[in-house]
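Structure assessment
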Amino acid sequence: MKHIITIIQKQLKDTLKNKPILIQFIMFPLFSIVMTHAIQIQEMPENFFVNLFATMYIGMAPLVSISAIISEEKEKNTLRVLLMADVSPVQYLIGIGSYVFFMCIIGGVIFCCLLNNVTNTQRIFFLLIMSIGIIASIVTGASIGVGSKNQMTATSVTIPVMMIFSFAPMLSMFNDKIEKISKIIYSEQIRNLINNLENGGDCMQNITVILLNIIVFGTLFSVLYKKRGLT
């Protein structure tokens, strides 16, 4: 735990210096605040901008952040210093993953506070949905970071993957073909769960797809980790 906490503290300090990573954590919550209060359209669904930007946030911020962190530290050989200081790879990954989750859930709390006409139980469920989505994105981003030789390679892979997971749910609202295809990705199921927050109903199919995504990307991470490790 001491090693993991130290890694989290290190990343918190690095975030203040690394503006691109910091922007990932604050961009969509800020957009949601501005759009929710600045734009009022008749017959617009309740919490439209909150739900939209929360879904995009899940598909972008955790994925991009953890991929960039791991690939950057691999390229700069920071990891070798940590490993020489008796920090195991598992401790490092738990520390980085916990840090990204903690930072992203702060954004989730902001989205939660912006919700209108919902109960406290629904707010808790909203945070649980976001937590599951953040974990799925962390596993996906970690796979890219571990599998990339350097930061440039990670960026070239992260951008198209991030575009799919963050923008496909938005596009699926306007295109039936995209909606049919995007049903297999976790961010689309997160969008469905968030939009059905007030209606309730059976959500087992949504959760099943999300868990399958986590298993697939978790397996990919395991394979890439065994093949390339953190060196």
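Here the structure is a predicted model, which is why all the values come from computation and not from measurement. (Residues numbered from 1 in each chain as written. Predicted model: local features only at pLDDT ≥ 70, side-chain atom pairs only at ≥ 80, totals over all residues. Heavy atoms only, no water.)

Right, let's get into the environment of Ala142. Looking at the element boundaries, Ala142 is found in helix H6 (residues 120-147). Judged by relative accessible area, Ala142 falls into the buried class, the value being 8%. Distance in space between the C-alpha atoms of Ala142 and Tyr225 is 9.5 Å, their sequence separation being 83 residues. Beyond its immediate stretch of four places on either side in the chain, Ala142 contacts Ile66, Ile70 and Phe221. (Helix = DSSP H or I, 4+ residues; strand = E, 2+ residues; numbered from the N terminus. Buried < 20%, exposed > 50% of the residue type's maximum accessible area, 1.4 Å probe, protein only. Contact = heavy atoms within 4.5 Å.)

Counted according to the given criterion, the structure contains nine aromatic pairs. Arranged with centres 6.1 Å apart and planes meeting at 35°, the rings of Phe28 and Phe53 form a pair that is tilted. Of the two residues, Phe28 sits in helix H2 (residues 19-38) while Phe53 sits in helix H3 (residues 48-75), which places them 25 residues apart along the sequence. With respect to burial, Phe28 and Phe53 carry one shared label: buried. When the centroid spacing of 4.7 Å and the interplanar angle of 25° are considered together, the rings of Phe165 and Tyr186 count as stacked. Separated by 21 residues along the polypeptide, Phe165 in helix H7 (residues 151-172) and Tyr186 in helix H9 (residues 186-195) bring together distant segments of the chain. By relative accessible area, Phe165 is classed as buried at 6%. The buried category is assigned to Tyr186, whose relative accessible area is 0%. (Phe/Tyr/Trp six-rings, centres within 6.5 Å; stacked < 30°, edge-to-face > 60°.)

This part covers the nonpolar core. The tendency in soluble globular proteins is for nonpolar side chains to be buried as a group. Core analysis: the biggest nonpolar cluster contains 56 residues, and Tyr57, Val100, Phe111 and Phe126 have the highest contact counts within it. Every element with two or more residues in this core is listed here: H2, H3, helix H5 (89-114), H6, H7, H9 and helix H10 (204-228). Excluding residues within four positions of it along the chain, Tyr57 makes contact with Gln24, Phe25, Phe28, Pro29, Pro62, Met103, Cys104, Gly107, Gly108, Phe111 and Met130. (Core = buried A, V, L, I, M, F, W, Y, C linked by side-chain atoms within 4.5 Å.)

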